[in-house]
Amino acid sequence: EDPSDAGTANAGEKEKEFVLSFEDITVHVPAQSKCLSCCSSKNSPLRHYGQEYFGMSVEHRDAFYTLDRVSGYVKSGETLLVLGKSGSGKSTLLKSICSRLNQTDELYGSVCLNGLPIGKSNQSWRRMCSYVSADDGTHSPVLTVGETLTFAAQCTSNGHSSDEQIADTVDFFLDALGLSHVRDTVVGDENLRGVSGGQKRRVTVGEMMIDPNSRIFCLDNITDGLASTDSFSLIQQISAACKKYRMAAVITLLQPSDEIVQLFDKLLVLSSEGQTTYFGPVDRCTLQSIFLEEGVDAEKGDSGGIADLVMSQTTSLVEDSVVSRFKTSPTNLHLTKEMNIIKANAVSLNDREAVLKEFLPAEKYSTSRLYQLRIFASRRRKLILRNSMTYARSIIAIVFGVIVGSLFAALQDDTIGALGRSGYIFLSSFLVLMLSSAVTIPDGFRQRITLFKHRDSVFYSGRMAYVVQVMMDLPLSILEATLIASISYWWVGMTPGADHFFFFLGTLIGLECVGQAFARFLCAVSRTQVSANVASSLCILLFATVGGFMPAYSTISWVLRWLSWITPVAYAFEGMMINQFDETSFFGLVIVDKDGTSTVGNVDGRKYLSSQSLPRSQWGTNTEIKIFDCLMLFVFAIVLDMIAMYFQESSRDWYFNKIRRSRATVARSTDEEDKSFDELVESNTEAQVKIGDGSMGPLSLAVSNLSYTVNIGKAKTCWKPRRATCGSLLGPALAKIAGKSLESPEAATEEEEETPVTELKLLSEITARFKCGRMTALMGQSGAGKTTLLDVIAGYKTGGVIAGDIMIDGYPKEDTTWKAMNGYAEQQDILNPYMSVLETITFTADCRLPSHADKKAIINSVIELMDLSEYADMIVGHEKEGEGLPKHARKRLTIANQLVVQPKVLFLDEPTSNLGTNDAALVMGAVRRSTDAMKLITLVTIHQPSKKMFESFDDLLLLAKGGRVAYCGELGPSSQTLISHFTSLSGESPSASANPADFVLSVLDGGSPDEAVLNFKESELCKELLSSIDADVKEAESQPRITVTKHSLHFFAEFGLLFRRQFLVQWRNPSYSFLRFCVSAGATFILGLLFYDIKPDVQGAVFAIAAIFFMTFVLVIPMQAAVIPLIEDRAVLYREAVSGTYSRFTYGLGQLFADIPFHALNTVIMYAIIYYLVGFRSGAEFVGYFIFMLFLANWSVMSMGQLYALVTPNEETANGLAGLSVILSVCLMGFLITSSAMPSGWLWANSLNMFRYILQGLVTNELSGQNYKIDIGALIPPVENTTATADGRRFLADLFDDSDGKVITFMPGTVPEGDNTAAQGAALLGLVLHAGEGENNDESKDDFRNLLECMVENKCLVEPVPSNFLQCNVIGDDLQVTPVCFDQFSAVIANLEDSERQVGNCFIDTIGHTDSSSAGVPTAFKLDAYTEKEHREIASCLTRKLLIEGPELGLMSILNGFSELWDIVMFIQDVIEKGIDIPGDAILYYFGWSQFDAEDFKFSAPWKWNYCVVAVVVFLLAMEIIKLCAVNFIVWTKR
């Protein structure tokens, strides 16, 4: 009893009587357009790929009626059971009643409450009429059972209920559903193990039934996955609740026993065509009069349960006759009369609204918006704190902050530094946008399923849920952006100042918001996560390319330039660039004019911004523009969120609208499917082809004292996250990151909580014997170890300790031949979704049958046995998507795949799970035929079998809790042997119509398992069993052992089969083939337009590099899409490899070579589009290298994605690793920051980056050997020169006349400032360039280098350079003082003939003096007595005496000297029309991709073949080897 009347808040209303009626319900499903699916036939692999990604129709079919004029009613306090074959429209009827039909379906007829029509979409009606779907995958996996029900109770309360009242309500439902012991256990999913499947089913039921406003419940297959006793208890509780609280329930069940059926007040039976074959009370006599043909004896025609009786119609003609008999029966007349009474008692339509208001909830939602905000925020907080990505995001932000900060830490205040900081800004924008989007999409798809369910039940407003999600995600966005900015901003050396930093931080936060809003938008408009991931990557790539970094805004083609104004990255990049470079300047290069004056050309920040086309439009001041840019990011986020909120419901139809097939492929796909169970068992006996291999099979399989123990260590405890502690947060987070699960002991055994033990005995001394040609049912209590026993006997348990004997005809089982002798069909249908039925069976036969076998005959026989003829050419398809084979055909294919290898022993684990009565009969009929035809020893685990199905078995092995035998032996005629045994145990005998399976389980559950086990041990059956086993052992001593030779294909034959299959699978897989080609074609076409026809200047060279960089990123987009199919295929690999179909190594090789044609085709597509649009260089060598390297890149990137799929436990981890590796590769591949500008500590990472070699090879192929012009006038403003004019400013027009002049540039990171070495080197070069060709013959160059070292150390080359040069070498500060470098100067001059005279001539020719002192210097020479020009002429003349004679040799000696002495590399270019020619190899040198010969002073880039290609090949080989090792040694699935 519920002390607080939980679930009955409005007790007065609950007492109001009502009647729910539905009259002439007809649901019309419109026809689909003529587009074939890759899942309809193996001959249409290229058609209709859009289904998987955009939710379009899947296959052509005509319009049909899934329900046809169905009528009935249910009154308050009553329950109605709906039965029907698969595809009869049971679920559609429930959805029609509760207003939850798909929007594409057309509903006719009326659903009435007290005779008043409800209307098609009545939100209050959906609150009153709850719907429980057959899908249990709609829960939030990290929430506990208690939290799930508590949230549902809060949403459906009146908003004023106290926490204590809600807790009492939840406790009541937990007790009623038998879930109290798992209250604090997480619900779980495929990645996080929580409660068991049966418990999850009850959670789904409780979540929907807890609504106090609900008075009518539409429950779809609610006993699926429950044991028969649990199913009976659940239905009994629902029936009692309906009577007590005057509610009503409409329930569909798959295989209900008679005991369960008798609990219902009314029964509705639907035909295959969706027509009513019966509606009325559950009365067996009445049912017999309608469903049995005239003249058929009742005892013979109704030998099974009620469900067997009402669904035994075999053909459409028989069904039509049943429909006719019902229409003329008194039962139908009574139905018509009752419907007329209901309509007659209804009030007039004018009073409809007033009357309905008495029953229907008055408010749109149970709770206020404010209350919804509070409870949803609490729930969202739990989801965030228990999501491993919450902590991973913070760690990733810190890691990338450190990586990016340290990478760009060595930048100088020069042009390279400016480019590097531009790259840092771009990378920060790209990184934040990509990360925020990538982590939001998986969570969004997980949560939207739950949202759809809650919205259908009108739990809360979808807008409020969306607003809360945005608000709760905002702190994470701020935290992530703050971590990245705080760590990297100051480290990189960005513009100092709080205002600059906080603007940068605000922009990153805006980008975070945009990324998350964009991800939420994709979740709202995408049907699958694959399509959302691909769309996200493509859009972010587009954002990056038109964002203004490369190419600049002004160089973007007019076709795409408009995209810049709707791209958030463009606003972020523009704002942060203005924030960084406005009102700043940095070193550009040194300019030497015709007079030898060296001038430092500093680049003005605004001029640099202008060269980058920033701002894009000068509509205001730069400060106003950058503030506007920042605000626009938040505008983008708001707009995207509003659009996503609007479209949020659009994907709901895609998710719930499972693909409909025509009647011909669901209800009656084959003529065999229309036969009754007995006919199915007995059919085809004459037509069977003998498929045995001629060898004698074993007569018996026995186990003796078989035990199985596992070491569990300390007792596991439930995860009880009542509050956010470190343990409750980090525990599940780390577990999920590792791909492991938190499992409650109740989920595994549904028993009491574990006690502290170190070992758990799952099977205890089991002794049993199974005979040839007989089917044995393996049944037992929940958690008794049925599947465990099957796995142990079949040899599928690798862990734990197995004790006891497994014998074949008395001989111990030999592991070497056991795989060839047995077939194991698992509960899950693990099949390749892209193969046809015939191809699947043929592949197994080719791999496992000997070459001399008549494979075609065997395959045809198996197909006939399994009734799969009509499905032979149908693709298996994805079951979750509703594609391909129906469930029963899928299950029969799983079994056929084992039968085709001609096993002697067949193990089947739950072959009827999730199947209706007729579908289960199809499967078990096929198993029965196969057992008889092939003389198999068949062992089947099964729960909830119907009476007729149960009696098709020959023997029963019944297990009690603890893995102990409660019965093992024959069933006997009509199961009398079994019934007699358990009648003696319980003292009660079942009725004649009772299901023996339900009877024995009820005896076992109702009594003591220990007593049942002991009773069997003392029975004659046990003694006979032991004696039979002993007889087998004795007989084995005189009989030879039966051997079965395991057939193995030779390596190349096996490889050929696997190559062909993998190629077909990938060809038919749209996410691998079609999507990849489309992405490559579309993205490269956009890149071709963006970088169209690059010019032969430095900007064109940089654009060529950028085009190759972004093209490399295009390869990454399909990489994540390749992860999902391979993870799906892992389960197929594990099953087939374990069964001995092929070796793992051959599978890996087959997959490797099957990929190559797709890599080649993708390479051709990309080359054909981008190469000539961009205008890459022509020539056979260059084109050939481009294609070859692009092919290697395609192969390498896809191989990387496959590697992650093999070495990680699940899709989420694989995609996460793929995304992180891509981002790291982008950072370290040498484009955004060159290797020459990287700190030395990061060079190892650059060397280990595969993408670096791809980029380097392709760029070298394009740039090496070409020259590019740079217009320095377009970059450098009036230059600084302290010796030039009064204001120290000179213009380029003043420096160069008739293109006369030189430009000095430096290696990256070298900035000539003040009196540093680089500045002195530039000044000396200016002097040398003015001096001209040298006259010295010092071949050793040692004296000259000593002079260089002395002058630099003593600051002899600082401004004014000529005066200081003279003072250091020949004049001194005073004529009486020897100059500081006089000795070194004299040593160089000594190499001249008549050196003193030549030195003196330098003075004489300039100033006319003849008197001289030492070294030819005139006496009484004073510097201040002469002009600067005269100083320069003397210094130039002396410089000629110092330089080595020969063209350019003197200049080269200085350049080499600075390179060797101080590691300063300087370059000199001629000025051509105010520009300079830069070799492509010099540009490569700036990136660190070419070498510089200091002796010859030349560049060369010889590495594209013997370095880049070899490196990529090495990476590729390493990944393929690791993949092969992973295929062979890593197994993530669990048995």
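What counts and what doesn't
Residues numbered from 1 in each chain as written. Predicted model: local features only at pLDDT ≥ 70, side-chain atom pairs only at ≥ 80, totals over all residues. Heavy atoms only, no water. Phe/Tyr/Trp six-rings, centres within 6.5 Å; stacked < 30°, edge-to-face > 60°. Helix = DSSP H or I, 4+ residues; strand = E, 2+ residues; numbered from the N terminus. Buried < 20%, exposed > 50% of the residue type's maximum accessible area, 1.4 Å probe, protein only. Lys NZ or Arg CZ within 6 Å of the ring centre and 35° of its normal. Contact = heavy atoms within 4.5 Å. Pairing = 2+ DSSP bridges. Patch = residues over 30% accessible without salt bridge, like charges linked within 9 Å, V, L, I, M, F, W, Y side chains within 5 Å. Areas by Shrake-Rupley, 256 points an atom, 1.4 Å probe, with all protein chains shown as cover. Salt bridge = Lys/Arg side-chain N within 4 Å of Asp/Glu carboxyl O. Axes fitted to C-alpha atoms, helices over the stretch in contact; angles between N-to-C directions. Parallel < 35°, antiparallel > 145°, perpendicular 65-115°, else oblique. Left-handed = near helix turned anticlockwise from the far one by under 90°. Nonpolar A, V, L, I, M, F, W, Y, C, P; charged D, E, K, R; others polar. Polar contact = N/O pair within 3.5 Å; in protein donor to acceptor, adjacent residues only side chain to side chain. Disulfide = S-S within 2.5 Å. pLDDT = per-residue confidence, 0-100.

### Quick word on the packing of aromatic side chains
Thought 1: Using the criterion set out here, one finds 62 aromatic pairs in the structure.
Thought 2: An angle of 15° between the planes, with centres 6.3 Å apart, marks the rings of F1051 and F1055 as stacked. In this pair, F1051 and F1055 both sit in helix α42 (residues 1051-1068), four residues apart, roughly one turn of the helix.
Thought 3: Note on F1055: relative accessible area 18%, which makes it buried.
Thought 4: Through a chain of ring-to-ring contacts, three or more aromatic side chains come together here, namely F426, F430, F549, F573, F1091, F1103, F1109, F1110, F1113 and F1231.
Thought 5: Just above the ring of F151 sits the side chain of R379; from NZ or CZ to the centre is 4.8 Å.

### Regarding the side chain of T367
Thought 1: In this fold, T367 is placed in the loop between α15 (352-359) and α16 (369-385).
Thought 2: Residues in contact with T367, not counting those within four places in the same chain, are Q154, C155, S157, N158, G159 and Q372.

### Concerning the pairing of strand β16 (residues 801-808)
Along any regular strand, the residues point their side chains to alternate faces of the sheet.
Thought 1: Of the strand pairs in this sheet, strand β13 (residues 700-711) and β16 are connected by seven bridges, and their pairing is antiparallel. Residue pairing for β16: S704 is matched across the bridge by D805.
Thought 2: Relative to strand β17 (residues 811-812), β16 is paired through two bridges, and the arrangement is antiparallel. Bridging from a neighbouring strand, M807 pairs with P812 of β17.
Thought 3: Between β16 and β17, which pair antiparallel one after the other, the connecting turn spans two residues, and D809 there sits at a positive phi close to 55°.

### A look at a nonpolar patch on the surface
Thought 1: Among the surface-exposed residues, V635, V639, I643, Y646 and F647 lie close enough to one another that they form a single nonpolar patch of about 450 Å² accessible area.
Thought 2: Position of F647 relative to the elements: it lies in helix α25 (residues 622-647).

### Side note on the packing of helix α38 (residues 976-986) against helix α39 (residues 996-1006)
Thought 1: Taken N-terminus to C-terminus, the directions of α38 and α39 make an angle of 30°; their axes are 10 Å apart at the nearest point. Taken together, the axes of α38 and α39 lie roughly parallel to each other. In this structure, α38 meets α39 at a crossing whose hand is left-handed. Mapping the contact onto sequence places L978, I979, F982, T983, L985 and S986 in α38 and P996, F999, V1000 and V1003 in α39.
Thought 2: Across the contact of α38 with α39, the residue classes break down as eight nonpolar, two polar and no charged.

### What to know about the environment of K244
Thought 1: With respect to the element layout, K244 can be found in helix α8 (residues 228-245).
Thought 2: Under the relative-accessibility criterion, K244 is labelled partly exposed at 47%.
Thought 3: As for K244 and S76, which are separated by 168 residues in sequence, their C-alpha atoms are 9.9 Å apart.
Thought 4: A polar atom in the side chain of K244 sits 3.4 Å from the side chain of Y245.

### A word on the state of the cysteines
Thought 1: Under the defined criterion, the tally for this structure stands at three disulfides.
Thought 2: The partner cysteine of C1402 in its disulfide is C1437, sulfur to sulfur 2.0 Å. One quick way to see it: the torsion about the S-S bond of C1402 and C1437 is about -70°, and its sign makes the bridge left-handed. Within this pair, whereas C1402 is found in helix α55 (residues 1395-1407), its partner C1437 is found in helix α56 (residues 1428-1442), the two being separated by 35 residues in sequence.
Thought 3: Of note for the protein: the bonded cysteines, numbered N- to C-terminal, pair according to 1-4, 2-3, 5-6.

### Notes on the packing of helix α45 (residues 1144-1174) against helix α46 (residues 1180-1207)
The relative placement of two packed helices is expressed as an angle between their axes plus a distance between the axes.
Thought 1: Contact pair α45 / α46: the axes reach a minimum separation of 8 Å and the direction vectors enclose 130°. Taken as axis vectors, α45 and α46 run oblique relative to one another. At the point where α45 passes α46, the crossing takes the right-handed sense. Residues Q1151, L1152, D1155, I1156, H1159, A1160, N1162, T1163, M1166, Y1167, I1170 and Y1171 of α45 touch α46, and the partners they reach there are F1182, V1183, F1186, I1187, L1190, F1191, N1194, W1195, M1198 and Q1202.
Thought 2: Split into classes, the residues belonging to the contact of α45 with α46 amount to 15 nonpolar, six polar and one charged.

### Section: the pattern of salt bridges
Pairing between side chains becomes possible if they bear opposite charge and their charged atoms approach one another.
Thought 1: Enumeration over the complete set of coordinates arrives at 43 salt bridges.
Thought 2: K85 is the salt-bridge partner of E319, the closest N and O atoms lying 3.5 Å from each other. Taken together, the residues span a long stretch of sequence, with E319 in helix α13 (residues 316-327) and K85 in the loop between β3 (79-84) and α3 (90-97) at a distance of 234 residues. Residue E319 shares its accessibility class with K85, and that shared class is buried.
Thought 3: Connected through shared salt-bridge partners, R380, D443, R446, D473, R520 and D641 make up one network.

### Details of the confidence of the model for the protein
Thought 1: Mean pLDDT over the protein: 80, with 83% of residues reaching 70 or higher.
Thought 2: Note that residues 658-690 has pLDDT below 50 and, in this model, 90 contacts with residues that lie over four places away or in other chains.

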